[in-house]
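Below, each chain spelled out in residue letters.
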Amino acid sequence: VQLENIGEAGIRYSWQATKLHPNFTIKPLDGFVPPKEKVNVEVTFHPIALDNDIRVDQVVCLIDKKQHTNMYITLTGACVPPKSDSEELKFDGPVRQPQKQTVKIKNP
């Protein structure tokens, strides 16, 4: 996320992080944006359970310690199980005799 200060004076920002835990983090949570400049803020999604609709509505960004009606973001994500093209390997051979099989790994 990029915060842009189009004003003539620098501003301090602070995200209200109480609703983020446990699925999202924002770094840095607070900082300063000089006049006419931009600052990048990193939002990380790290789900803890399978769920195809993980959502945090209206995470507020305070500007100079004040809440503004349009300064928030809504974070969404999905955590789904990986697709598996699993194949069972069966070993059938004499005792104490090595047997080899090849496993093909796809890495898209």
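Note that the structure is predicted; figures quoted are calculated from it, not measured.

A. Quick peek at the overall build of the protein chain. Within the protein chain, the regular secondary structure consists of 0 helices and 8 strands. The order of α-helices and β-strands along the protein chain, N terminus first, is β-β-β-β-β-β-β-β. For 108 residues, the compact-globule estimate of 2.2 N^0.38 gives 13 Å, and the protein chain exceeds it by more than 25% at 24 Å. Counting the 108 residues in the protein chain, one finds 22% classified as buried. Taking contacts inside the protein chain between residues at least 6 apart in sequence as the whole, the part at least 24 apart equals 52%. About 9000 Å² of surface is accessible on the protein chain, with carbon and sulfur atoms providing 51% of the total. In the protein chain, 14 side chains carry a positive charge and 13 a negative one; their mean positions are 4 Å apart.

B. Fine view of the environment of V103. Mapped onto the elements, V103 comes out in the segment after β8 (72-79). Separated by 16 residues in sequence, V103 and E87 have C-alpha atoms that sit 9.0 Å apart.

C. Geometry of the sheet that holds strand β2 (residues 11-15). Pairing in this open sheet of 4 strands is antiparallel, and the strands run β4-β2-β7-β8 from one edge to the other. What marks the edges here is a single partner per strand, and that holds for β4 (30-33) and β8. On average, adjacent strands in this sheet sit at an angle of 25° to one another, irrespective of strand direction.

D. Layout of the side chain of N23. Mapped onto the fold, N23 is located in the loop between β2 and β3 (24-27). Apart from the residues lying within four places of it in its own chain, the contact partners of N23 are T44, F45, H46, P47, I48 and I54.

E. Highlighting the layout of surface pockets. A volume near 340 Å³ is recorded for the largest pocket. In terms of lining residues, the largest pocket is bounded by 10 residues, among which D85, V103, K104, I105 and K106 are the most central. In the lining of the largest pocket, the residues fall into 4 nonpolar, 2 polar and 4 charged. Reported here for the second largest pocket is a volume of approximately 160 Å³.

Conventions and cut-offs
Residues numbered from 1 in each chain as written. Predicted model: local features only at pLDDT ≥ 70, side-chain atom pairs only at ≥ 80, totals over all residues. Heavy atoms only, no water. Helix = DSSP H or I, 4+ residues; strand = E, 2+ residues; numbered from the N terminus. Rg over C-alpha atoms; globule rule 2.2 N^0.38 Å. Buried < 20%, exposed > 50% of the residue type's maximum accessible area, 1.4 Å probe, protein only. Contact = heavy atoms within 4.5 Å. Areas by Shrake-Rupley, 256 points an atom, 1.4 Å probe, with all protein chains shown as cover. Lys, Arg positive; Asp, Glu negative; His and termini not counted. Charge placed at Lys NZ, Arg CZ, Asp CG, Glu CD. Pairing = 2+ DSSP bridges. Axes fitted to C-alpha atoms, helices over the stretch in contact; angles between N-to-C directions. 1 Å grid on protein atoms, 1.4 Å probe; cavity = no way out; pocket = protein on both sides within 12 Å on 5 of 7 lines; lining within 4 Å. Points joined across faces, edges and corners; volume = space filled by probe spheres on them. Nonpolar A, V, L, I, M, F, W, Y, C, P; charged D, E, K, R; others polar.

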